[in-house]
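Structural characterization, general
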Amino acid sequence: MYNVNLNNLTRQQFLDEYWQKKPVLIRGGIENFDDPITPDELAGLAMEPNAESRLVSQQDGEWQAEHGPFESYDHLGDKNWSLLIQGVDHWDEHVDALLSEFRFMPNWRIDDVMVSFATPGGGVGPHVDNYDVFIIQGSGKRHWQVGSNDELKEVVANEALLHVEAFAPIIDAELEAGDILYIPPGFPHQGVAIEPSMSFSVGFRTIAKSHLFSGFADYIIDNQLGKDMVVDPERQATSTPGLIDNNDIEKLTASLKDMLNDKQRLTEFYGEFFSAAKHELAIDDDIEPFETDEIIDILTEQPLYRLGGLRCLYFSQEWAKGTIYIDGEKYSVSPQLHEPLTLLADNTFVTHEQLAPWLENDEFSQLMTELINQGYWYFNEAE
Ligand code: SIN
Ligand code: CO
């Protein structure tokens, strides 16, 4: 387990003071921090076709970016490159455990843990991200600079890296294991390894309004909604046929708003959309399906773990009806199952004591059999 200290502030004080407002360096945010995954393990993971990996290197100011899977690193030498993998929390439970300290943010708002290994001189260059990130320094030292969020020109020397021009740093520091750098969206930054070093970026997810709109439009089309036509039986004759008049504008706008006012539909859209995993889930292909009786037996003794990266969400207004969203899908259950399913949604693992009162409920045990056989929750075989 990790213990994150946010400059001796409560989570709420941190949010009020810094969240989405200004960057901050937190020295010793995690005491005695040990890398949850080694550079060798990371290099091995980047050979997997499903891991989202990148190699970024630089030679005399010339940047190169390549996507994995990679077969070998022998040609790279020992300077000026870094290997980055998104969504390592999906693959490694020790990396996933880092997120437990950031669960003061709701599941839907958490993106993933990106892990990077960099050789001396390695980094991804000066850039701006449009999401919040806590960069936790692992082994080795890295030099980080963060600039202010004044308008910056993008230098598209390498399109994949979205570089920005050089900036005057407002934070300029060498990070050591356990130091944490919080950077809100829009602040240019760059990290350059001083020694071979690891860093763990806890990234948050949000969405451009245009994508929210297009996501809802896709939902409407997929569900064959809103097929009724905009009609005008009260139409008045016009002498200005080139004009779309204010009545027409209002009618069209009211039609759009009608769709947005359908709270139930919107909730379902949010549930499906935001519970969908952003990176591929590392579901074990060789799961031997369990029988319900076996599941009940195991659950009477062992805790149950949620697969890294799986999102499970619910809404207060729908909960009474027994609706929950898991990995992009809506599940409807009897309202009396609120309690155990809330436990599963709010916690990354549940103990057998917590589940004990529900194990004799057939609906619950069958649903758990389905979810466990799908690989969404699992037992830790070592236990
Ligand atoms: C890195 O770990 O090198 C890049 C992280 C970032 O800048 O967001
Ligand atoms: Co960045």
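The numbering scheme is per chain: residues are counted from 1 as the chain's sequence reads. By the order in which they are written, chains take letters starting at A while ligands take numbers starting at 1. Whole-chain, interface and lining totals are the exception, using all residues; otherwise, since this is a predicted model, local features are given only for residues with pLDDT of at least 70 and side-chain atom pairs are given and counted only at 80 or more. Hydrogens and waters are ignored; side-chain quantities use all the structure's heavy atoms.

Our next topic: the coordination of the cobalt ion (ligand 2). Distances from the cobalt ion (ligand 2) to its protein donors, H127 (NE2), D129 (OD) and H189 (NE2), fall at 2.0 to 2.1 Å. Note on donors: an N, O or S atom is included if it sits within 2.8 Å of the metal, or within 3.2 Å for Na, K and Ca, and water is never included, so sites can look incomplete. When the donors of the cobalt ion (ligand 2) are listed by position in the chain, the intervening gaps give H-x1-D-x59-H. Highlighted residues: H127 in the loop between β5 (110-118) and β6 (133-137) and H189 in strand β10 (residues 189-193), separated in sequence by 62 residues. In this scheme, a residue with accessible area under 20% of its type's maximum is buried, one over 50% is exposed, and one in between is partly exposed, where area comes from a 1.4 Å probe on protein chains only. Taking the relative accessible area as the measure of exposure, H127 reaches 11% and is therefore buried. Helix numbering and strand numbering both begin at the N terminus, where a helix is a DSSP run of H or I of at least 4 residues and a strand a DSSP run of E of at least 2.

Moving on, we come to the site of ligand 1. For this description, a residue counts as near a given molecule or strand if any of its non-hydrogen atoms is within 4 Å of it. Every residue near ligand 1 is listed here: L84, M114, S116, H127, D129, R142, W144, H189, S199 and S201. In the environment of ligand 1, an oxygen atom lies 2.9 Å from a nitrogen or oxygen atom belonging to the side chain of S116. Accessible surface is estimated by sampling points in the Shrake-Rupley manner with a 1.4 Å probe; for residues, cover comes only from the protein chains shown. Relative to its unbound accessible area of 260 Å², ligand 1 is 97% covered by the protein chains. Judged by its atoms lying within 2 Å of the grid points, ligand 1 is housed in the largest pocket. For the shell around ligand 1, the secondary-structure elements that each account for two or more residues are β5, β7 (142-147) and β11 (197-204). All amino acids are sorted into three groups, where Ala, Val, Leu, Ile, Met, Phe, Trp, Tyr, Cys and Pro are nonpolar, Asp, Glu, Lys and Arg are charged, and the leftover types, Gly among them, are polar. Each residue belonging to the shell around ligand 1 can be placed in one class, and the counts come to three nonpolar, five polar and two charged. Distance and chemistry together define a polar contact, namely a pair of N or O atoms within 3.5 Å, with one atom able to donate a hydrogen and the other to accept it when in protein, and with adjacent residues in sequence counting only for side-chain atoms on both sides. For each structure, a 1 Å grid was placed over the protein atoms alone; sets of points admitting a 1.4 Å probe that cannot get out are labelled cavities, open sets with protein on both sides within 12 Å along at least five of seven lines are labelled pockets, and lining residues have an atom within 4 Å of a point. To qualify as sitting in a cavity or pocket, a molecule needs more than half of its atoms within 2 Å of the grid points.

Moving on: the pattern of salt bridges. Salt bridges are defined as contacts in which a side-chain nitrogen from Lys or Arg sits within 4 Å of a carboxyl oxygen from Asp or Glu. All told, the structure shown has ten salt bridges when counted by the stated rule. Among the ionic pairs, D132 bridges to R109, the shortest N-O distance being 3.8 Å. Taken together, the residues D132 in the loop between β5 and β6 and R109 in the loop between α3 (93-98) and β5 connect sequence positions 23 residues apart. The two residues D132 and R109 agree in class, both being buried. In this structure, D232 and R235 form a salt bridge, with 2.8 Å as the shortest nitrogen-oxygen distance. In this structure D232 comes out as partly exposed when scored by relative accessible area, which is 32%. R235 gets classed as partly exposed once you look at its relative accessible area, which sits at 45%. Through salt bridges with shared partners, a single network forms among D232, R235 and D248.

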